[in-house]
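Overview (structure and organization)
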Amino acid sequence: MAIKILASEVASKIAAGEVIERPASVIKELIENCLDAAATQIAVEAQGGGVELIKVSDNGTGIASSELELAFHRYATSKIGDLEDLERISSLGFRGEALPSIAAVADVEVLTKTPSHPTADYICLRNGEVVRRETRARAQGTTVTVNRLFRHFPARLKFLKSTSTENGHIANLVSQYALAFPEVRFSLTLDGRGSIGSPGDGDLRQAVSAIYGPELAQVMLKIEHRDGLAKVSGLIGPPASARSSRNWLSFFVNRRWVRSALLIRATTEAYRGLLPDGKHPVVVINVWLPPQELDVNIHPAKAEVKFCHEQAVFGEVRKAIEQALARTPIPASPKAVPFWPGYGQWQSPRMIMDNEPVFAVAQLPTMELPVLRILGQMAGTYIIAEGPDGLYLIDQHAAHERILYDRILGQLSRREVEVQGLLEPITMELSPREEETLRSIMESLVEFGFSIEPFGNRSYLIRAIPALMAAADIVDTVTILLDTLSGKGGRDSWEEKIAQSLACHGSIRAGQQLSSEEMSELVKQLEQTGQPRACPHGRSTMIHLSSHRLEKEFGRIG
Ligand code: ADP
Ligand code: MG
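Residues numbered from 1 in each chain as written. Chains lettered and ligands numbered in written order. Predicted model: local features only at pLDDT ≥ 70, side-chain atom pairs only at ≥ 80, totals over all residues. Heavy atoms only, no water.

1. Observations regarding the nonpolar core
To keep it simple, the criterion reads: As used in this record, nonpolar core signifies buried Ala, Val, Leu, Ile, Met, Phe, Trp, Tyr and Cys residues forming a set joined through side-chain atoms within 4.5 Å. Exposure is judged per residue with a 1.4 Å probe applied to protein chains only, and the accessible area is read against the type maximum: over 50% gives exposed, under 20% gives buried, and values in between give partly exposed. Per the convention used, a helix needs a DSSP run of H or I reaching at least four residues, while a strand needs a run of E reaching at least two, with both numbered from the N terminus. An automatic or database domain assignment supplies the residue ranges for each domain.
One finds I31, I42 and F186 to be the most contacted residues of the largest nonpolar core, which totals 62 residues. With eight residues, the single largest contributor to this core is helix 6 (residues 163-180). Taken together, domain 1 (8-203) and domain 2 (215-326) each give at least three residues to this core, which thus spans both. By size, the runner-up hydrophobic cluster in this structure holds 38 residues, among which are L221, I223, V258 and V317.

Right under this line is the structure:
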């Protein structure tokens, strides 16, 4: 179809809004154009987080020489013509807004060749106006280069995060498209460094392997469900591969990468009871619906869709996942050990506390701790201790977290970090986004005592870790760290967050039996911390029931 300017009654029906927020949004629009042009190879390059340069090349249909300027007019599109088309969109783009919006905020060059034309055409735009046109050579396809994004828009530039954060967004974006289009070969280069290379052989598992690594790809379960309104397909991670963030949930509706609270809920429902709190599965789910079952025209960046029959879609996605999970033997769930087996019904300790709020000591964080005498451990979780003024219940995990956190930051500020070298280096496979996060916090990690080196293909070798870190689940701790820090801001907050994360994962868990010596030691160390009454996240480490309070509860005083 030729490029035409949409009639105003069609243009006015299009969800308007800012399309270009950040470098990744430019890349999203350019990739969608390549895919709409039936490209089978798409190469993305970015420099300086995409602010200096973005270059997207494809081997698609190309843009006809006579239509090249037209493509940069608002509402100029070859993808829809009339209102009816708007109701059953099968292309990713349809608004004719992307190229003009990009050309309004950056210098743009296009080099393109169609199969029917012997030569390629090149145009260069400044402030949306063509300033140069040449005949050049190129194989069939299109290359769009975007230089100095937002140069004349300081307010927008200011809104952008660090280069590494923008690189993280870009890496994630290209990852999502590589997962959505396994038959297309994607590559991503960031500042000259290869980040992603998907094989483009049409096999979703291979695409997952290129993005998340072969280890995860191997264990993912196939889903396939096709009775009813929607067809659902994809790969889902077994519960044991769950992650600590929602970054690993990918949904594509008619091949469009979407954010969808509905699909997240359907997935969460299907995994209910199989994952511990705070864990989220890895899923790559394609939902296929007849175009009229879907409104894709509700969000300016087309990142959200509206289903005409939400409940049906919800049910079918949940069923598809449940079926796959049911077919696979699932190892015992890693849920928290039940407290007090057999005493589950016994509620009385809570009753005391329900009437009025117990004095949570964390509210007075600077108060020092009196000398405490350990009475015992409750539910493998709380240490019961007696002080000069009543009873103390200490959360052993929160208390240990506080101790480790103080110790880690103390070592860091004294520049005396203790390191434990690993006899065997541990290999860790990272997703493109995790790799960008790792690169941005690498320097801080070194200060904390990590020694991590690249091992090719987004694999990294861990050779040393902070001595305070539990050696048991290093990969887990590091990936949780990367997941929680992804997209987060500056260096100062990193140090605190890294310390928090290490303290949290290095500390004893709820449900772990402690000897009385261990408990005394823990309490003694807690007493020496800066803020013994709150864990690094600000939760209380202990509850204090004063003697006065106890006397009142027991009716000894009025
Ligand atoms: P839309 O994608 O909504 O149609 P765009 O502004 O993104 O609007 O693109 C305008 C037109 O330019 C498209 O309709 C298409 O005809 C053409 N075009 C843009 N990029 C490419 C490409 N990589 N290959 C072929 N044609 C393209
Ligand atoms: Mg487009």
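There is more to say, and it comes next.
2. Description of the site of ligand 1
Put simply, the rule reads: When at least one non-hydrogen atom of a residue lies within 4 Å of a molecule or strand, that residue is treated as near it. In the analysis that follows, any N or O atom pair within 3.5 Å is treated as a polar contact, provided that within protein one partner can donate a hydrogen and the other can accept it, and provided that, for residues neighboring in sequence, both atoms belong to side chains. Method for areas: the Shrake-Rupley scheme with a 1.4 Å probe, in which residue coverage is limited to the protein chains shown.
Around ligand 1, 22 residues are found, and the nearest of them are T77, S78, K79, R95 and G96. In this structure, T142 approaches ligand 1 through a side-chain N or O atom, which is 3.5 Å from a nitrogen atom. Here ligand 1 has 530 Å² of accessible area as a free molecule, and 95% of this is covered by the chains. Of all the elements in the fold, those that place two or more residues in the shell around ligand 1 are helix 2 (23-36), strand 4 (76-77) and helix 4 (98-105).

3. Some details on the environment of S547
The condition that has to hold: Residue contacts follow a heavy-atom distance rule, with two residues in contact if any of their heavy atoms lie within 4.5 Å.
Along the chain, S547 falls in helix 17 (residues 547-553). By relative accessible area, S547 is classed as partly exposed at 26%. Those residues in contact with S547, other than ones at most four positions away along the chain, are P388, D389 and G390. For S547, the side chain forms a polar contact with the main-chain nitrogen of G390, separated by 3.1 Å.

4. Some remarks on the domain arrangement of the protein
In plain terms, the rule: The term buried area means the drop in 1.4 Å probe accessible area that two parts suffer when joined, counted for both and summed.
Examined at the domain level, the protein breaks down into domain 1 (8-203), domain 2 (215-326) and domain 3 (348-558). A straight line from the C-alpha centre of domain 1 to that of domain 3 covers 46 Å. Listed per partner, the contact involves eleven residues of domain 1 and nine residues of domain 3. Interface area for domain 1 against domain 3, summed over the two sides, is near 850 Å², with a carbon-plus-sulfur share of 48%.

5. Brief notes about the sheet that holds strand 13 (residues 249-253)
Across a sheet, strands are paired by hydrogen bonds formed along the backbone, either parallel or antiparallel in direction. Definition in use: When DSSP finds at least two bridges between two strands, those strands are taken to pair.
Taken together, the five strands give an open sheet; going across it, the order is 11-12-15-13-14, and neighbouring strands pair in mixed fashion. At either margin of the open sheet sits one strand with a lone partner, and together these are strand 11 (221-225) and strand 14 (256-257). Bridge analysis of strand 13 against strand 14 gives two bridges, and the strand direction is antiparallel. Its bridge partner being in strand 14, V253 is matched across the sheet by R256.

6. Quick look at the pattern of salt bridges
Keep this limit in mind: A side-chain nitrogen of Lys or Arg and a carboxyl oxygen of Asp or Glu constitute a salt bridge if their distance falls within 4 Å.
Tallying each qualifying case throughout the model produces 22 salt bridges. In this structure, a network of salt bridges that share partners links the residues D107, R126, R148 and R151.

7. Details of unusual backbone geometry
Even without being a glycine, N127 presents a positive backbone phi close to 50°. Structurally, N127 can be placed in the loop between strand 6 (120-126) and strand 7 (129-136). Despite not being glycine, A379 shows a phi value in the positive range, around 55°. By the element assignment, A379 lies in the loop between strand 18 (373-378) and strand 19 (382-387).

8. Brief notes about the sheet that holds strand 19
Our working rule: Axis definition: a line fitted to C-alpha atoms, limited for helices to the stretch in contact. Angles are taken between N-to-C directions and run from 0 to 180 degrees.
Spatially, the four strands line up as an open sheet ordered 18-19-20-24, and their pairing is antiparallel. Each edge of the open sheet carries a strand with a single partner, namely strand 18 and strand 24 (542-545). Neighbouring strand axes in the sheet, compared pairwise and without regard to direction, differ in orientation by 20° on average. Helix-sheet contacts for helix 12 (residues 396-413) involve strand 18, strand 19 and strand 20 (390-395), and the interaxial angle to strand 20 is about 75°.

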